[in-house]
Amino acid sequence: MTSLSLAHPTCMPRLHFHDVAYQAAGQLLLGPLSLQLEGNHRTLIMGPNGAGKSLLMRLAHGLVKPSSGHLHWCGHVPRQAMVFQHPVLLRRSARANLEYALAVQGCPRNRRRQRAMEALEHFGLANVTRRPARVLSGGEQQRLALARAWLLEPEVLFLDEPTSALDPAAIRAVEDAINTFHHAGVRIVMSSHDLHQARRLADDVIFLHHGKLLEHSPADTFFQVPATVQAKAFIQGELMD
Amino acid sequence: MSDSAFITALQLIANFDPELLAIVSLSLRVSLSAVIIAAFIGLPLGAALALYRFPGRAIIIVVFNALMGLPPVVAGLSVYLLLSRAGPLGEFGLLFTPTAMIVAQVILILPILVSLTRQRIEELHGEYAEQLSSMSVSKARRIPTLLWDARLALITVILAGLGRASAEVGAVMIVGGNIDGVTRVMTTAIVLETSKGNLALALGLGLILMLLVALLNGMAYLIGEGTKRSLG
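Since we're looking at a predicted model, the values are computed, not measured.

Caption draft 1: The arrangement of the pattern of salt bridges in detail. Across all of its chains, the model carries 17 salt bridges over all chains by this definition. Note that Glu 122 of chain B is salt-bridged to Arg 118 of chain B, the shortest N-O span being 3.2 Å. Taken together, the positions of Glu 122 of chain B and Arg 118 of chain B, both in helix 5 (residues 98-134) and 4 residues apart, correspond to about one turn of that helix. Relative accessible area serves as the criterion here: at 28%, Glu 122 of chain B is assigned to the partly exposed category. Owing to a relative accessible area of 9%, Arg 118 of chain B belongs among the buried residues under this scheme. The partner of Asp 180 of chain B in a salt bridge is Arg 184 of chain B, with the nearest N and O atoms 3.5 Å apart. A relative accessible area of 52% means that Asp 180 of chain B is categorised as exposed. On the basis of relative accessible area, Arg 184 of chain B is assigned to the buried category, the value being 10%. Several salt bridges share partner residues, and in doing so they unite Arg 58 and Asp 160 of chain A together with Glu 130 of chain B into one network.

Written out as structure tokens, the structure is:
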């Protein structure tokens, strides 16, 4: 690996949800729920489709505002980045995508190219530098999105089902990249409905069902002694409605 | 009759008839200038209209949409009133000059560029909004970002403006006056020569006009295909 490193934050910011609920068109889609995200481990948000996983993350990241309740960061509001299920890449080359993220952050022009190249190399994309981002393979696109997130030097990284459309080799590369962030001290919040992935990555699990928070427990506890019948059914791979 | 007119027309083109050349080059100068000026105003304006929310926004959008169908003679008439000796800008003496024609065509095609740009940018922003918000990109910063990323669609938008500018006759006729050697362009010359019965020159000009428009569209198509292939 290269000499890239992120500053280890001295104190990890904590995110508090207080009775947060979100509704659209009169329909309650999430909550009300209260929870805390603290420490710098890897939290997996799990649950069947439509459980509210993406919504919970968008609320945490500040992309949507809660309809009621409030959430706040204890300490300071950390630098954040988010990687989406379908990476949104600009219609430019891979390198230009990274240079754009640097430019937005106010990185001086003469340093952008070098930093972009470092990140491309770091995430195994050195051979596609000048390729248009949108003709890259799914796995390469997602790694480019991760490289872009890396350049934003986040303290918290949100990932919304980042591997759901990828093949096993690409999933492995993305998971390795996520662990690179983790080892650099970045707090990981990721949604997934892949149980095997959750077992590989999770330090703790938030389990949602029909917009309700059913469990928030350490990964071992969640997988071995789930507290709710719904979680138990989910872990056993039963089809849930 | 029309057969011999057609042959004469081809001869005029083949011989690079000086009168014909002067008319064609003025046409290009006026319409291209108008498109460039309108693009510099209309593209950022359209993008801003797509991104910002403010009271009266809906009205502005409806007005620009409606003005896409502005009759060229009305655009010409309003510029005429502005620039005529008694008008507010009369002192500049611009009436019956190519400048006046450019101004009239800018007014004519600006609504097209604004409205179509707004639509394209709104679509693209629908796709980019979450990612840009996630990176805390300001609204003002999004304008150049989206304009650049929509460049393919915007080429077509600019061409639509160029098509309208080069094909219209009403506006340039009123503010230009179709003065020989000064403000005579292809469309006004076609009207004049047809009414004089000089069908050969009219037909020659018509052919060149169509050829130029086809050429510009062909170029834009090739540019578009090339970039599409390389951008995915």
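Caption draft 2: Representation of the side chain of Arg 143 of chain A within the structure. All names here are of chain A. As for its position among the elements, Arg 143 is in helix 4 (residues 138-151). With no salt bridge to any partner, buried Arg 143 finds its closest opposite charge in Glu 140, at an N-O distance of 4.9 Å. Within the local environment of Arg 143, its side chain forms a polar contact with the backbone oxygen of Phe 123, the two atoms lying 3.2 Å apart. Once residues lying within four places of it in the same chain are set aside, the contact partners of Arg 143 are Phe 123, Gly 124, Leu 125 and Ala 173.

Caption draft 3: Representation of unusual backbone geometry within the structure. Residue and element names in this part refer to chain A. Residues Gly 31 and Pro 32 are joined by a peptide bond in cis, for which omega reads 0 degrees. Considering the arrangement of structural elements, one finds Pro 32 in strand 2 (residues 27-37). The backbone of Glu 161 sits at a positive phi, close to 40 degrees, despite the residue not being glycine. The residue Glu 161 is located in the loop between strand 6 (156-160) and helix 5 (168-183) in this model.

Caption draft 4: Here's a closer look at the confidence of the model for chain B. Residues at a pLDDT of 70 or more form 98% of chain B, whose mean pLDDT is 91. In the model output, the complex is listed with pTM 0.88 alongside ipTM 0.89.

Caption draft 5: Region of the structure containing helix 9 (residues 186-196) of chain B. Along helix 9 of chain B, the residues that are buried comprise Met 186, Thr 187, Thr 188, Ala 189 and Glu 193 of chain B. Following helix 9 of chain B by one or two positions, Gly 197 of chain B has its phi on the positive side, about 85 degrees.

Caption draft 6: Structural view of the packing of helix 5 of chain B against helix 7 (residues 151-167) of chain B. Residues and elements named next belong to chain B. For the pair helix 5 and helix 7, the least separation of the axes is 9 Å and the interaxial angle reads 155 degrees. Classified by the angle between their axes, helix 5 and helix 7 sit roughly antiparallel to one another. Here the hand of the crossing between helix 5 and helix 7 comes out right-handed. Each of Gln 105, Leu 108, Ile 109, Ile 112, Leu 113, Leu 116, Thr 117 and Arg 120 in helix 5 lies in contact with helix 7, whose residues at this interface are Ala 153, Leu 154, Val 157, Ile 158, Ala 160, Gly 161, Arg 164 and Ala 165.

Caption draft 7: Seen up close, the pairing of strand 9 (residues 212-218) of chain A. Residues and elements named next belong to chain A. Pairing analysis gives 6 bridges linking strand 8 (residues 204-209) to strand 9, with the strands arranged antiparallel. Bridge pairing in strand 9 links Asp 204 to Pro 218. Counted along the chain from strand 8 to the antiparallel partner strand 9, the turn is 2 residues long, and its residue His 210 has a positive phi close to 50 degrees.

Caption draft 8: Looking closely at the nonpolar core. Residues Met 46, Leu 144, Leu 146, Leu 157, Phe 181 and Phe 223 of chain A are the most contacted members of the largest nonpolar core, which totals 101 residues. Tallying contributions element by element places helix 5 of chain B first for this core, with 15 residues. Those residues within four positions of Leu 157 of chain A in sequence are excluded, and the remaining contacts are Ala 81, Met 82, Val 83, Leu 146, Ala 149, Phe 181, Val 186, Arg 187, Ile 188 and Val 189 of chain A. Counting 24 residues, the second largest nonpolar core, distinct from the first, contains Val 20, Ala 51, Met 82 and Ile 206 of chain A.

Caption draft 9: Summary view of the packing of helix 2 (residues 18-51) of chain B against helix 3 (residues 57-67) of chain B. Residue and element names in this part refer to chain B. Following both chains from N to C, one finds helix 2 and helix 3 inclined at 140 degrees, their axes separated by 10 Å at the closest point. Classified by the interaxial angle, the pair formed by helix 2 and helix 3 is oblique. As for how helix 2 packs across helix 3, the hand of that crossing is left-handed. Contact residues: helix 2 offers Leu 45, Leu 49 and Ala 50, while helix 3 offers Arg 57, Ile 60, Ile 61 and Phe 64. A per-class count over the contact of helix 2 with helix 3 returns 6 nonpolar, no polar and 1 charged.

What counts and what doesn't
Residues numbered from 1 in each chain as written. Chains lettered and ligands numbered in written order. Predicted model: local features only at pLDDT ≥ 70, side-chain atom pairs only at ≥ 80, totals over all residues. Heavy atoms only, no water. Salt bridge = Lys/Arg side-chain N within 4 Å of Asp/Glu carboxyl O. Helix = DSSP H or I, 4+ residues; strand = E, 2+ residues; numbered from the N terminus. Buried < 20%, exposed > 50% of the residue type's maximum accessible area, 1.4 Å probe, protein only. Lys, Arg positive; Asp, Glu negative; His and termini not counted. Polar contact = N/O pair within 3.5 Å; in protein donor to acceptor, adjacent residues only side chain to side chain. Contact = heavy atoms within 4.5 Å. pLDDT = per-residue confidence, 0-100. Axes fitted to C-alpha atoms, helices over the stretch in contact; angles between N-to-C directions. Parallel < 35°, antiparallel > 145°, perpendicular 65-115°, else oblique. Left-handed = near helix turned anticlockwise from the far one by under 90°. Pairing = 2+ DSSP bridges. Core = buried A, V, L, I, M, F, W, Y, C linked by side-chain atoms within 4.5 Å. Nonpolar A, V, L, I, M, F, W, Y, C, P; charged D, E, K, R; others polar.

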